[in-house]
Each structure stands twice: as C-alpha cells, then as structure tokens.
Amino acid sequence: MRATRDRILQMLLFASLCLPLQAWAAEGDDREIARDDEITELKRKLDVVVTELETLRTQVAAPELPTALESQYGLGPAASKIYSVARGVSLGGYAEGAYTRANSGSDDTWDMTRVVAYLGYKFNDWIVFNTELEFEHASTSKEGSVSVEFATLDFLLRPEVNVRTGLVLIPMGFVNEFHEPPFYYSNFRPTPERVIIPSTWRENGMGIFGNLGERLSYRVYVVNGMLASDFSSAGLRGGRQNGSEAIANDLAVVSRVDLELIPGMRVGGSYYVGNSGQDQDIDVGGTDFDVPDARTAVWEVHGEYRWQALTTRALWTQARVADAGSLSGLLSLSGADDPVVARRMIGGYGEVAYDLIPIFFPGSEMSLEPFFRFEYVDTQNDVPSGFQADRSFKQRLYIPGLQWKPIPNVVLKLDYRKIDDFADGDEDEVSVGFGLIF
C-alpha cells in the first residue's frame, strides 16, 4: 500500500515537472509560428514594393543613354520618347543658347534662346498624349514667351494608318517637326524655313499619318487657316495662329510624303493650301473693309543623303498668295509695317558637313563636323502691280561653321554668317552656342 502511494506521488511529481515543460514547448511552437507568419508578411510587403517600383520604372521614362532616343513619326528623338514607353509618363526636353557678335553696329547679344520640356502620357499601347512646352528667351518680358509648341492625342491603330488631333506641327521642311538643336547645323535655323515655312509652325487640326512599307511615310492634316491680315513684306510668319483661340472660318489641308530611295538617301515634299481671309476686317480710317480670301499655297521639296561621315541636305520652297494686290492695298492704307505682300515668295538652301572624328578616333561616340550652308530667300519675288518690292528682303547667306558633339545628346556650335541683301549691303555675324536634348 505504501509502495503504491509512493508511486502515485512520484507520478504526480513527474507530471508537475512536465506540465511547465509542455507549456514552454507549446509557447515555443506559437512563437515559431508567429515568426513564420511575420516573415511571410514581410515577404508579401517586399513583393508589393518591388512590384510598385517596377511599375514606376516602366511608366516613368527618362532614359539617359543616347541609344535610347530614336526619332518616330517625324518628330525629334527627345519628342519621340513617349512612343517607346510601355505605359504612363514620359519626360524629355531640349535647350539652346548663343552669343552673337555683329559688325552692323547693332548690339552684341547673349541669348538663352529656348528651354523646352516634353511631357507625354501613354494610356495604353495605342492611345498617346504628347506635348511640347517652350520657354523662349528666358523670360516673358521683352520678346520672351511661354507657349505650347504642340499638343497631340494620337491613336496608334496600325503602322499604315494612325490618327492625330490637337495642336499639330505642320509637316513641312526639315526643321518644323525635327527642330532639336543637335540635329541641325548652325546656331540659327535656315532662313527659308523661318520666313516662308514659318517654323515653328503649328495649328489646331486633325488627320492621319503612317508608314507604307519600310521606306515610305506620309502625313495628311486638316488645320485652321492662317491670318492674311498679319502677312507682311517679310513673309508668312506673322500669319501663324499657333493654336491660340484660332479663327477657323477658313480651313487648310497640308500633306507630306518621304521616301527612302536607298539606305542613307531620303527625298520628299509637302504641300499646304487654304484661304487665309478668315472673314476678318481691316480698319482703314474708321471704316472696316473685308479682308480678301487670300488663298495661300506653300510647297517644298527636300532631299538628304548620309554616307559614312558625310551629310548633305537641300531644300527649295515657294509660297503664293492670291489677292495679294487687294491685301497689300488694305494693309498700306491701315498703316501696317512692311505692308507689301508678294504674290510669290521663294527660298532654298543647301548644306554639306563632314565628321572628322572617325579619321582620328574610330569607334568614338564624339563627332566634329565642319559644315557650310548657302541660303537664298526672296519674300518679295513677285509683288502686285502698282507696288515696289523691298529689296532688303532678298538675301543670300553664306554660313561656314563647326560643331562638336562630345556625346550625341550635347552639341557646341561655332558659325559665321555673311548676309548679303540686295538693298543695304553686307552684314557679318559670329555666333557661339550650345544645344542639348534629354
């Protein structure tokens, strides 16, 4: 009996010792489970963060490598960045400035010509918004301005046919669409592409664009017409409406084609036509007179050839303004500056450049290109009967220069411009400047 009781006491003692050990072990298991749960939750949160970072990386595009920037749909490489984004926001831009010294007695100037931001958003793989915001001359005072250079909504349906609407760049010439500073020679855009093709020329409109095969591209837009009441002896530049509450009583059509004949050789042309009267009036001594229809037609042909280190380019353009006599008469009576609007304006240029870097440093991404451009422009080529042509608007320009790109996105430029007009004689300018894209 005693032995039985002692055994029961031993068992109770053993149980009393084991229970805390079991409780401690159970608590340990709970802690292990809790730790596993915490690790699982941390992994889940880390996966969420990684996913969000990947989303931001793919949706916010700011590629730094020059190879990431390629021209698409006729726009410059920086302006085209949005088309390479999978979805979301794209940021880019360009800037340029120059110091100019003239011998004509005018002041030397040092101008921050423009700073530009590209902002785009890709909603999905076929709906894209793209815009260019420009700050000119570093200020809105004096001649400075802030403007929207283009703002387009694209519907990318298929390579052959796409739709574009908004404030569109008129697809004419070399630099109106493709105007980023590393991609044209000299510190100044060619004169015929500023006064006859009034770059940067943009109007509100819509149309289609695309590629027919690998070598042929086209663009066709319907846009608001120009304002004939702002034409002048200097050309068509004043007639741009630039998307600012544009009067659209008269519409215009512009079309362009480009063909790659062989690798490195591209030719093309464009044509713009439409009335420019816009049902407006001109005040002459307190009496309003109707602006004539002033049907305006502008055409140009261009060609470019690149072979190894050699680049050549040429363009010829011509504009015709109907009712130029009536328009010039009204502008003269109203007291407008330079009121004689020509019936025909002509201009063109040719340029050649050669990259010296491959000779001395084969394989380098740098370039060093001496270049030469000859320009001819006459915005008073055929004036209406009864008016005298202003020969100061007939000019020949000789522009030798040098540009250096330490990388493809950055350029330093030096050029000399000899301007020979047919009224006041020669004028000489030397300019040093820079340009960049990102």
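To be clear, the structure that these remarks concern was listed above.
Quick notes on the rules
- Residues numbered from 1 in each chain as written.
- Predicted model: local features only at pLDDT ≥ 70, side-chain atom pairs only at ≥ 80, totals over all residues.
- Heavy atoms only, no water.
- Pairing = 2+ DSSP bridges.
- Helix = DSSP H or I, 4+ residues; strand = E, 2+ residues; numbered from the N terminus.
- Phe/Tyr/Trp six-rings, centres within 6.5 Å; stacked < 30°, edge-to-face > 60°.
- Buried < 20%, exposed > 50% of the residue type's maximum accessible area, 1.4 Å probe, protein only.
- Lys NZ or Arg CZ within 6 Å of the ring centre and 35° of its normal.

**Student:** I would appreciate a short explanation of the pairing of strand β10 (residues 265-274) in the present structure.
**Tutor:** Consecutive residues of a regular strand have side chains that alternate between opposite faces of the sheet. Sheet analysis places strand β9 (residues 251-262) next to β10, joined by ten bridges and oriented antiparallel. From the neighbouring strand, Val254 faces β10, where its bridge partner is Tyr272. Counting the residues in the hairpin turn of β9 and β10 gives two residues, including Gly264, whose phi is positive at 95°. Looking at chain direction, β10 and strand β13 (residues 296-307) are connected through ten bridges and run antiparallel. Note that in β13 the partner of Gly268 across the bridge is His302.

**Student:** Please clarify how the packing of aromatic side chains should be interpreted in this entry.
**Tutor:** Each aromatic ring pair is specified by the distance between its two centres and by the angle formed by the two planes. Tallied over the entire structure, the rule returns eleven aromatic pairs. Here Tyr118 and Phe150 contribute two aromatic rings whose centre-to-centre distance is 6.3 Å and whose plane-to-plane angle is 35°, an arrangement assigned as tilted. Of this pair, Tyr118 sits in strand β3 (residues 109-122) while Phe150 sits in strand β5 (residues 145-155), placing them 32 residues apart in sequence. For the pair shown, Tyr118 and Phe150 are each scored as buried. Taking 4.8 Å as the distance between ring centres and 55° as the angle between the ring planes, the aromatic pair formed by Trp201 and Tyr272 counts as tilted. One end of the pair, Trp201, is in the loop between α2 (192-195) and β7 (202-212); the other, Tyr272, is in strand β10, with 71 residues separating them in the sequence. One aromatic cluster is present, built from ring pairs that chain together Tyr73, Tyr83 and Phe209. Sitting over the face of the ring of Tyr184, Lys413 holds its NZ or CZ atom 4.2 Å from the ring centroid.

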